[in-house]
Structures are given as C-alpha cells and as structure tokens.
Amino acid sequence: MRPYKCLNQSIFSAQAFHIEPIRDEDQRAIMNIRNEQLYHLRQAEPLTPEKQAHYFSTVVADLFKQEKPSQLLFSFFENDVFIGYGGLVHINWIDLNAEISFVMKTELEKEHFAHYWTHYLNLIEQVAFEALNFHKIFTYAFDLRPHLYPVLESCGFKPEARLPEHCWFENRFYDVVYHGKINRNLHFRRATQSDARLYFDWANDASVRAHSYQSQTIDWETHLAWFTQKCADPTCLMLVFENHLQQAVGQVRIQNNPEQQAVIGISVDAHHRAKGYASKMIAQAADYFLQQNPSAVINAYIKLSNPASAHAFQKAGFSLFKTLDYQQIPSEQYTKSL
C-alpha cells in the first residue's frame, strides 16, 4: 500500500467500510465505471486501457511523492470488496478546502446509491476534517442526479449555490449545484491562569452582559480575583473550547456543590456565533462532567428573553424542568443528568 506524504495514516474505516490510497489493481474497474457514467462526469470522451494505464503511471503515481498534491484519491471497500473510488480533488492548501468526488460501480447505483454515498462521505470527512484539518469540503454536481442532494443534506452538507446553465451535455445546458460542509469539530481543555484576559474579554462582551443575570460591566481587578479563585476551586469545571484551527471559540463553566446540584453557564466568542457551536459545547461539557459525577444533576437557568440559548440547551439534551423567577428575573430551568 502506497502512503500519501501528507497523511499520517492510510486506512480510514467505519463499520464494514474503509478507504485506502487508490490501488493500481483497481484501474480497469475505475475505467469501466467512468466510461459507463460519462453523463455526470467532467470527462470528454471514453477512456482506453492505454490512457488509463498512462494516467496511473504518471499523474496518480506522482501524487504519492508530493507534500501537497492537488488531489488525494482512494479506493472504497465494503467488507474488503471494491465498491468504487473517489477522493478530495481541486485541493486548495491555502484556504484549506477541497471538492469531493465519488463514483461507485454502476450496477450498485439503482438500489444502493444513498447507502454507499452516505458511508463514503463519512470516511472522506475523516480524511478532510480529522487528518488534514481542512476547513471546508464541497461537491460540484451537474444537475442530473437530484437524488444525490437529499443524501448530501442528510450528512450535514448545505446547498450553497446554483450556477444556471453552467455545463453542456447532449445538446443542452444544465445547472451546476454546489453543496458544502464546514469543519465544526471542537476540542476542549481546562482553563488556566493564562486565560484570564480571554475570559475577561468574553465576560464583558455586550451580548454576554445583556443575557447575564448580573449585567453590569466587570472591572479587571474583580475579574482577576474571581478567575484565580475559580481556577483553584476543585468544584468548578472551566473548559475552553477550540476549533480545528486552535482558535478559542468559547467557554463552558459548571459549578458543582455538595448536594450534587450543578449550574452550567456558557459564552461563545463574538466571531464564532451562529455557527452551531453552542449546543456542541454544552453537550460535550455536560457529558464530560457527568462521566466524572454520575449522580449529579446539571441545571441551566435561562432568561425568557433569550430563546436562542434555550434552543441550544435543548439541542444539547437538556429538558425544561420549570419556569420560575430566578434572581427575580422570569426564567426557565433546564436540567440534564445520566
């Protein structure tokens, strides 16, 4: 198996499926697939065995030698049986994005199109978002296979553009449809004293203060004393969330007490709002806390004037417990436990 220089692993797998760097022994099968499916491919004429062999011995072979190749091609298998091939093509190493390509054996398309596309997308996303830390992947499809769009959207891809009459096929112009997916992977770490200024800026953000129960601006000395005390408090879990580019996205704080009734709070950096991070941060922090405190109940108190926050907590698995006046402000209490 030939490895790609830019990848630390060659096999990406899930359940019965895996992809590995494109194999020479699959070139004839790939040629047949492409010749049978010319109608939706950017291929002007049928391939011949000679042209296919030349392509593999030159273009494909050279991909394995490059630090930043223009494409990464993979053979796709179910239970080690070759199903099709695809990859990341037209790679932009500056903007960290790439187009997805995939074709399967023609005889499998009628009954298993959605099944194989779904599993393939899961695997190629591992390559793009986890192994390469790319920011975005997208598809560029001639508007000839509308049954592809529900599959893409079920996997988190969003329709981004339609280019009217953009490609010519069989004496007619067809639209081209783009679907894209952005890397929203998150990881967290515990806050340290070096995060004091970061938390200070987040705490004094106008939107954060407006939705807080104590809405007045916080001065630096007060904040620093509070932050130092919380970092040293064993009953306080303070987590900083970062995206795939190691940019700080926001924070979640869970304060526990002897009765195992914990209170959770969250803030998202102004530059990273409306990207779907909040519910993921809440879910990851709550699950991490409950694994360490399995008998605990986590409470979230949310102003009735902040429905977006309530939605994020519900999406993260919290349930509405009751409506109340929390600190004399009309609020809802949401809870989560194991």
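Located above this text is the structure these notes cover.
Residues numbered from 1 in each chain as written. Predicted model: local features only at pLDDT ≥ 70, side-chain atom pairs only at ≥ 80, totals over all residues. Heavy atoms only, no water.

### Structural notes on the sheet that holds strand 15 (residues 329-337)
By definition, the strands of a sheet pair up through backbone hydrogen bonds, in either a parallel or an antiparallel sense.
Move 1: Within the open sheet, the seven strands sit side by side as 9-10-11-12-13-15-14. Their pairing is mixed. Of all strands in the sheet, those with a lone pairing partner are strand 9 (187-190) and strand 14 (319-326), marking the two edges. Averaged over all pairs of adjacent strands, the angle between their axes in this sheet comes to 30 degrees, without regard to strand direction.
Move 2: As paired strands, strand 10 (residues 236-242) and strand 11 (residues 248-255) are joined by seven bridges and run antiparallel to one another. Within strand 11, the position partnered with leucine 239 by the bridge is valine 252.
Move 3: Strands in contact with helix 8 (residues 277-292) are strand 9, strand 10, strand 11, strand 12 (261-268), strand 13 (297-303) and strand 15; relative to strand 11, the strand with the most contacts, it is inclined by about 40 degrees.
Move 4: Lying on the sheet, helix 9 (residues 307-315) is in contact with strand 12, strand 13 and strand 15; it crosses strand 13 at an angle near 160 degrees. (Pairing = 2+ DSSP bridges. Helix = DSSP H or I, 4+ residues; strand = E, 2+ residues; numbered from the N terminus. Axes fitted to C-alpha atoms, helices over the stretch in contact; angles between N-to-C directions. Contact = heavy atoms within 4.5 Å.)

### Details of unusual backbone geometry
Move 1: In this structure, glutamine 15 takes a positive phi of about 55 degrees despite not being glycine.
Move 2: In this fold, glutamine 15 is placed in the loop between strand 1 (12-14) and strand 2 (17-21).

### Description of the sheet that holds strand 1
Move 1: One open sheet holds the eight strands; their spatial order is 1-2-3-4-5-6-8-7, and the pairing between them is mixed. Each of the sheet's edge strands pairs with one partner strand only, and the pair in question is strand 1 and strand 7 (158-168). The average undirected angle you get between the axes of adjacent strands in this sheet is 25 degrees.
Move 2: Pairing of strand 1 with strand 2 involves three bridges; the strand directions are antiparallel. Paired with alanine 14 across the strands is phenylalanine 17, a residue of strand 2.
Move 3: Those strands touched by helix 1 (residues 27-36) are strand 4 (81-92) and strand 5 (97-104), and its axis lies near 75 degrees from that of strand 4.
Move 4: Packing against the sheet, helix 3 (residues 106-131) makes contact with strand 1, strand 2, strand 3 (72-78), strand 4, strand 5, strand 6 (136-142) and strand 8 (173-182), and its axis sits at approximately 150 degrees to strand 5.

### What about the pairing of strand 5?
Move 1: Counted residue by residue, strand 5 has seven buried out of eight residues, so it is predominantly covered.
Move 2: Pairing of strand 4 with strand 5 involves seven bridges; the strand directions are antiparallel. Bridge pairing in strand 5 places glycine 84 opposite methionine 104.
Move 3: Count of turn residues in the strand 4/strand 5 antiparallel hairpin: four residues, of which leucine 96 carries a positive phi of about 60 degrees.
Move 4: With three bridges joining them, strand 5 and strand 6 adopt parallel strand pairing. Residue pairing across strands places asparagine 97 opposite lysine 136, the latter belonging to strand 6. (Buried < 20%, exposed > 50% of the residue type's maximum accessible area, 1.4 Å probe, protein only.)

### Quick word on the environment of arginine 34
Move 1: Among the structural elements, arginine 34 can be located in helix 1.
Move 2: Arginine 34 sits in the buried class, given a relative accessible area of 17%.
Move 3: Considering only alpha carbons, one finds arginine 34 and glutamate 45, eleven residues apart in sequence, at a separation of 9.8 Å.

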